[in-house]
Amino acid sequence: MEVTRMELWPGAWTALLLLLLLLLSTLWFCSSSAKYFFKMAFYNGWILFLAILAIPVCAVRGRNVENMKILRLLLLHVKYLYGIRVEVRGAHHFPPTQPYVVVSNHQSSLDLLGMMEVLPDRCVPIAKRELLWAGSAGLACWLAGIIFIDRKRTGDAISVMSEVAQTLLTQDVRVWVFPEGTRNHNGSMLPFKRGAFHLAVQAQVPIVPIVMSSYQDFYSKKERRFTSPGRCQVRVLPPVPTEGLTPDDVPALADSVRHSMLTIFREISTDGLGGGDCLKKPGGAGEARL
Ligand SMILES: CCCCCCCCCCCCCC(=O)SCCNC(=O)CCNC(=O)[C@H](O)C(C)(C)COP(=O)(O)OP(=O)(O)OC[C@H]1O[C@@H](n2cnc3c(N)ncnc32)[C@H](O)[C@@H]1OP(=O)(O)O
Ligand SMILES: CCCCCCCC/C=C\CCCCCCCC(=O)OC[C@@H](O)COP(=O)(O)O
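Each residue is numbered by its place in its chain's sequence as written, counting from 1. As they are written, the chains are lettered A onward and the ligands numbered 1 onward, keeping that order. A pLDDT threshold of at least 70 governs which residues receive local features in this predicted model, and a stricter bar of 80 or more applies before side-chain atom pairs are shown or counted, although totals over entire chains, interfaces and linings include all residues. Water and hydrogen atoms were dropped before computing side-chain values, which therefore reflect all heavy atoms in the structure.

By the naming in an unreviewed UniProt entry, the protein goes by 1-acyl-sn-glycerol-3-phosphate acyltransferase and is assigned to Mus caroli. Of the protein, the UniProt comment under Sequence similarities (unreviewed entry) reads exactly: "Belongs to the 1-acyl-sn-glycerol-3-phosphate acyltransferase family." UniProt positions are given in the numbering used here, feature names are shortened, and annotations may be inferred rather than shown by experiment.

Following this line, the structure appears as structure tokens:
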């Protein structure tokens, strides 16, 4: 019997597809590195997709910090896709009405999950300028009023921060800064850059430190490991007032905030590096309502 091209091709494509699926599932089950790459690729891809949904909704208002609520709502379910349980402690420490500067540790792009869990109203992150070019995600961030800084131009970054100090007060917004200035995968905290603290002192508004516990139990970029389930505690610390402080006080302020954040990071991280096991022990410090 003669097999025509038309008959052969659908069969060949199906076989090829099955082979590809077999290959991918073998990789998924046999290689934890492959699993890590698939999970991270899906994470980024899913965010790009969610951003496509967000753009037309946000565009109705134009560039507006209120659009941050839309991004937050769209991102809240992502933790379930990855089996990550996010536990929030100390949310009552957020000042109810006034502007403030949030500072938080920065381990990975997964920080978005913890951030969205506690993001206050009218609060926008300060982000590296490169994010603006991340396709649909960049446009969604721009529409949500995210503030972009060029880390290669210190002068420009500082003048953007000074403008933000004015905006905080005149437009009643809060900003979220990662004072480490970059992602840090080493299970601790990098030295803090001082922009966030200058900003808070210039505007004379409080600093609200937020600590996200270490991801090492379920995620490590270095080891190409991303397992489920995972647990992360997001701890909101009491606000640190800056009234009456001057630029000369900034180094000491930054050091003392970092010190208190690092202490809490070690206390709430369950990976054995930080030393804390409060999430594991019933009645441990992490169980208490702070
Ligand atoms: C659905 C779709 C969803 C999409 C996703 C949505 C969510 C997206 C979330 C995105 C999250 C994205 C997250 C991200 O993208 S994280 C990456 C970007 N963020 C940051 O870098 C923030 C932290 N960086 C800083 O604060 C830096 O200090 C800046 C950037 C300002 C300058 O850094 P640089 O490295 O260039 O310089 P330097 O720090 O050595 O400073 C030099 C000197 O200047 C002094 N100085 C500093 N500032 C001020 C000031 N304001 N007034 C007066 N002086 C100031 C400073 O004390 C120092 O002097 P001295 O102390 O040595 O004497
Ligand atoms: C048409 C162009 C398509 C471009 C596609 C780019 C792919 C990007 C995909 C998805 C964007 C996901 C947005 C996640 C936001 C995470 C924010 C983040 O963690 O930024 C890193 C920044 O804090 C520090 O950067 P570095 O550690 O200094 O590096």
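Chemist: Would you explain the overall build of the protein in this entry?
Modeler: Elements are defined by DSSP. Helices are runs of H or I of four residues or more, strands are runs of E of two residues or more, and each kind is numbered from the N terminus. Scanning the protein from terminus to terminus reveals nine helices and nine strands. Considered along the principal axes of its C-alpha atoms, the protein spans approximately 90 × 50 × 30 Å. In this scheme, a residue with accessible area under 20% of its type's maximum is buried, one over 50% is exposed, and one in between is partly exposed, where area comes from a 1.4 Å probe on protein chains only. Residues classed as buried in the protein amount to 45% of the 290 residues present. In this description, accessible areas are obtained by the Shrake-Rupley approach with a 1.4 Å probe, and a residue is regarded as covered only by the protein chains that are shown. Accessible area of the protein: about 15,100 Å², with a carbon and sulfur share of 63%. When charges are counted, Lys and Arg are positive and Asp and Glu negative, with His and the chain ends excluded. In plain terms, the charge of a residue is placed at NZ if it is Lys, CZ if Arg, CG if Asp and CD if Glu. One way to put it: in the protein the 31 positive side-chain charges average out to a point 3 Å from where the 23 negative ones average out.

Chemist: Can you help me understand the site of ligand 2 in this one?
Modeler: The rule for a residue being near a molecule or strand is that one of its heavy atoms must lie within 4 Å of it. In the neighbourhood of ligand 2, 14 residues make up the surrounding shell, with H106, K128, R151, T182 and R183 lying closest. What qualifies as a polar contact is a pair of N or O atoms within 3.5 Å, subject to a donor-acceptor requirement within protein and to the restriction that residues adjacent in sequence count only when both atoms come from side chains. R151 is positioned such that a nitrogen or oxygen atom in its side chain is 2.9 Å from an oxygen atom of ligand 2. The side chain of T182 places a nitrogen or oxygen atom 2.6 Å from an oxygen atom of ligand 2. Notes on ligand 2: free accessible area 770 Å², of which the protein chains cover 64%. Counting residues per element, the ones that place at least two in the shell around ligand 2 are α2 (32–59) and α6 (135–143). Counting residues per element, the shell around ligand 2 draws most heavily on α2, which supplies three residues.

Chemist: Would you mind showing me how to read the environment of I207 here?
Modeler: For I207, the position within the fold is in strand β6 (residues 207–212). Distance from I207 to A12, taken between C-alpha atoms, is 62 Å for residues 195 residues apart in sequence. Any two residues having at least one pair of non-hydrogen atoms within 4.5 Å are treated as being in contact. Once you skip the residues sitting within four places of it in the chain, I207 turns out to touch V101, V103, F197, A200, P238, P239, V240, T242 and L253.

Chemist: Just to check I follow, could you spell out empty space enclosed by the protein for this structure?
Modeler: To find leftover empty space, a probe the size of one water molecule is rolled over the atoms. Lining residues are defined by having an atom within 4 Å of a point belonging to a cavity or pocket. Those points lie on a 1 Å grid over the protein atoms alone, cavities being sets where a 1.4 Å probe fits but cannot get out and pockets being open sets with protein on both sides within 12 Å along at least five of seven lines. Grid points are joined across faces, edges and corners, and a volume is the space filled by probe spheres set on the points. Scanning all chains against the criterion turns up two cavities of 30 Å³ or more. In this structure, the largest cavity occupies an estimated 70 Å³ of space. In this structure, the largest cavity is lined by Q107, S108, N184, H185, G187, Y215, Q216, Y219, S220 and K221. Gly is placed with the polar residues, together with every amino acid not listed as nonpolar (Ala, Val, Leu, Ile, Met, Phe, Trp, Tyr, Cys and Pro) or charged (Asp, Glu, Lys and Arg). In the lining of the largest cavity, the residues fall into two nonpolar, seven polar and one charged. Every residue along the wall of the second largest cavity is listed here: I84, V86, L110, L113, G114, Y215, F218 and C232. Listed by contribution, the elements that provide at least two residues to the lining of the second largest cavity are β1 (84–89) and α5 (111–118). The residue inventory of the lining of the second largest cavity, partitioned by class, reads seven nonpolar, one polar and no charged.

Chemist: Looking at this model, I keep getting lost on the UniProt feature "transmembrane region" (unreviewed entry) in the protein. Mind explaining?
Modeler: Mapped onto this numbering, the UniProt entry gives "transmembrane region" (unreviewed entry) at residues 43–62 and 131–149. With 85% helix and 0% strand, residues 43–62 has end C-alpha atoms that lie 26 Å from one another. Its end C-alpha atoms 10 Å apart, residues 131–149 is made of 47% helix and 16% strand.

Chemist: Could you clarify how one ought to interpret a positive patch on the surface in this entry?
Modeler: Patch building starts from residues that exceed 30% relative accessible area and form no salt bridge, then joins like charges within 9 Å and nonpolar side chains (Val, Leu, Ile, Met, Phe, Trp, Tyr) within 5 Å. Salt bridge, as applied in this entry: a Lys or Arg side-chain nitrogen positioned within 4 Å of an Asp or Glu carboxyl oxygen. On the surface, K128, R151, R183, K193, K221 and R224 cluster together into a patch of positive charge. Within the fold, K128 resides in strand β3 (residues 123–128). For K128, a relative accessible area of 31% puts it in the partly exposed group.

Chemist: Mind showing me how you'd approach helix α7 (residues 154–170) here?
Modeler: Each turn of an α-helix holds 3.6 residues, which means side chains three or four residues apart point in the same direction. The span expected for a helix works out to 1.5 Å for each residue beyond the first. Taking 1.5 Å of rise per residue, 17 residues should cover 24 Å, and α7 covers 25 Å from first to last C-alpha, within 8% of that figure. Lining the buried residues of α7 we find β2 (101–104), β3, β4 (147–149), β5 (174–177) and α8 (195–203). Two residues or fewer after α7 comes D172, characterised by a positive phi angle close to 50°.

Chemist: Sorry if this is basic, but what is going on with the confidence of the model for the protein here?
Modeler: As a note on interpretation, predicted positions should not be read in detail where pLDDT is low. A score between 0 and 100, pLDDT records how confident the predictor is in each residue. Mean pLDDT over the protein stands at 90; residues scoring 70 or higher make up 91%. In the model, residues 274–290 has pLDDT below 50 throughout and makes 39 contacts with residues more than four positions away in sequence or in other chains. Here the prediction assigns the complex a pTM of 0.89, and the interface score ipTM is 0.93.

Chemist: Just checking my understanding: could you explain the pattern of salt bridges for this structure?
Modeler: Opposite charge on two side chains permits pairing when their charged atoms draw close. Throughout the structure, instances matching the rule amount to eleven salt bridges. Between K152 and E130 there is a salt bridge whose closest N-O contact spans 3.6 Å. Residue K152 is located in the loop between β4 and α7, and its partner E130 is located in the loop between β3 and α6; the two are separated by 22 residues in the primary sequence. Here the salt bridges share partners, and the residues they tie into one network are R85, E87, R89 and R231.

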